[in-house]
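Listed below, chain by chain, are the residues.
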Amino acid sequence: MIDRSLIGKTYPAFYSEVTKEKIELFAKATGQTNPIHFLIESAKEEGHASLLAPLTFLITVSYEQEDPYKYLRDLNIELGQFLHANQEYTYFSPVYAGDRIKMESKLSDIFEKRGGRLQFLVFQSTYTNQDKVIVAKSKTTLVII
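The rules behind each value
- Residues numbered from 1 in each chain as written.
- Predicted model: local features only at pLDDT ≥ 70, side-chain atom pairs only at ≥ 80, totals over all residues.
- Heavy atoms only, no water.
- Salt bridge = Lys/Arg side-chain N within 4 Å of Asp/Glu carboxyl O.
- Helix = DSSP H or I, 4+ residues; strand = E, 2+ residues; numbered from the N terminus.
- Buried < 20%, exposed > 50% of the residue type's maximum accessible area, 1.4 Å probe, protein only.
- Contact = heavy atoms within 4.5 Å.
- Pairing = 2+ DSSP bridges.
- Axes fitted to C-alpha atoms, helices over the stretch in contact; angles between N-to-C directions.
- Arc of directions from axis to C-beta.
- Phe/Tyr/Trp six-rings, centres within 6.5 Å; stacked < 30°, edge-to-face > 60°.
- Lys NZ or Arg CZ within 6 Å of the ring centre and 35° of its normal.

Draft legend 1. Representation of the pattern of salt bridges in the model. Under the counting rule described, the total for this entry stands at four salt bridges. Taking the shortest distance from any N to any O, the salt bridge between Lys22 and Glu64 comes out at 3.0 Å. Of this pair, Lys22 sits in helix H1 (residues 20–29) while Glu64 sits in the loop between helix H3 (59–62) and helix H4 (70–74), placing them 42 residues apart in sequence. For Glu64, a relative accessible area of 31% gives the class partly exposed. Between Lys102 and Glu104 there is a salt bridge; the shortest N-O distance is 3.8 Å.

Next comes the structure, spelled out in structure tokens:
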């Protein structure tokens, strides 16, 4: 049973530099073909300030932390004991090459299904750029197996 007293636990803010190379690599890895993710000229022709990060790019930010799985140890969960059940993003502003993104996260809920056989963790994160503009919020749901 997961310690429900950890609901509300926050994790230290983390900063990530969004580079042209990171956007290009992620865009290529996810099969993007729109040149606004590869060519600054194309992005600017479409009205963007710089290369535009693909919509799911922000998932990479959390993995740049020094210890991206600290939350699992806090909950006494081993790396192979969970599955990624759901990921939701709400976007407020584009993310561009040259941005510095601050990610702040907290454990927002723990719940069970099937009489306690399935336990779920819900994390909420806020992503803010260097101008203190919230660019996105995410909700990540993990299921403990």
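So much for the structure itself; the text now carries on.
Draft legend 2. Highlighting the environment of Ala27. Here Ala27 shows up in helix H1. Under the relative-accessibility criterion, Ala27 is labelled buried at 0%. Linking Ala27 and Leu55, residues 28 residues apart in sequence, is a C-alpha distance of 9.7 Å. Ala27 has contacts with Gln32, His37, Phe38 and Pro54, leaving out every residue within four places of it along the chain.

Draft legend 3. Representation of the sheet that holds strand E5 (residues 134–144) within the structure. Pairing is antiparallel in the open sheet, where five strands are placed in the order E1-E3-E4-E5-E2. Each of the sheet's edge strands pairs with one partner strand only, and the pair in question is strand E1 (10–17) and strand E2 (82–91). The mean inter-strand angle of the sheet, taken between neighbouring strand axes irrespective of direction, is 25°. Across 10 bridges, the pairing between strand E4 (residues 118–128) and E5 is antiparallel.

Draft legend 4. Representation of H1 in the model. Of the positions making up H1, those classed as buried are Ile23, Phe26 and Ala27. The arc that holds the buried residues of H1, viewed along the axis, is 100°, so those residues lie on one side. For H1, the exposed residues set more than 90 degrees away from the buried face come down to Glu21, Leu25, Lys28 and Ala29. Buried residues along H1 sit against H3.

Draft legend 5. Quick peek at the packing of aromatic side chains. Inspection of every chain in the model, using the stated rule, returns three aromatic pairs. Taking the centre distance of 5.7 Å and the plane angle of 90° together, the rings of Phe26 and Phe57 count as edge-to-face. Of this pair, Phe26 sits in helix H1 while Phe57 sits in the loop between helix H2 (40–45) and H3, placing them 31 residues apart in sequence. In terms of burial, Phe26 and Phe57 fall into one category: buried. Pairing Phe111 with Phe120 gives two aromatic rings, centres 4.8 Å apart and planes at 5°, and the pair type is stacked. The ring of Tyr11 has Lys9 lying over it, and the distance from NZ or CZ to the ring centre is 5.2 Å. Looking at Lys113, its charged tip hangs above the ring of Phe120, at a distance of 5.6 Å from the centre.

Draft legend 6. Molecular detail of unusual backbone geometry. For Asn76, which is not glycine, the phi dihedral falls at a positive 55°. With respect to the helices and strands, the residue Asn76 is situated in the loop between H4 and E2. Notably, Arg114 is not glycine yet its phi reads approximately 55°, a positive angle.

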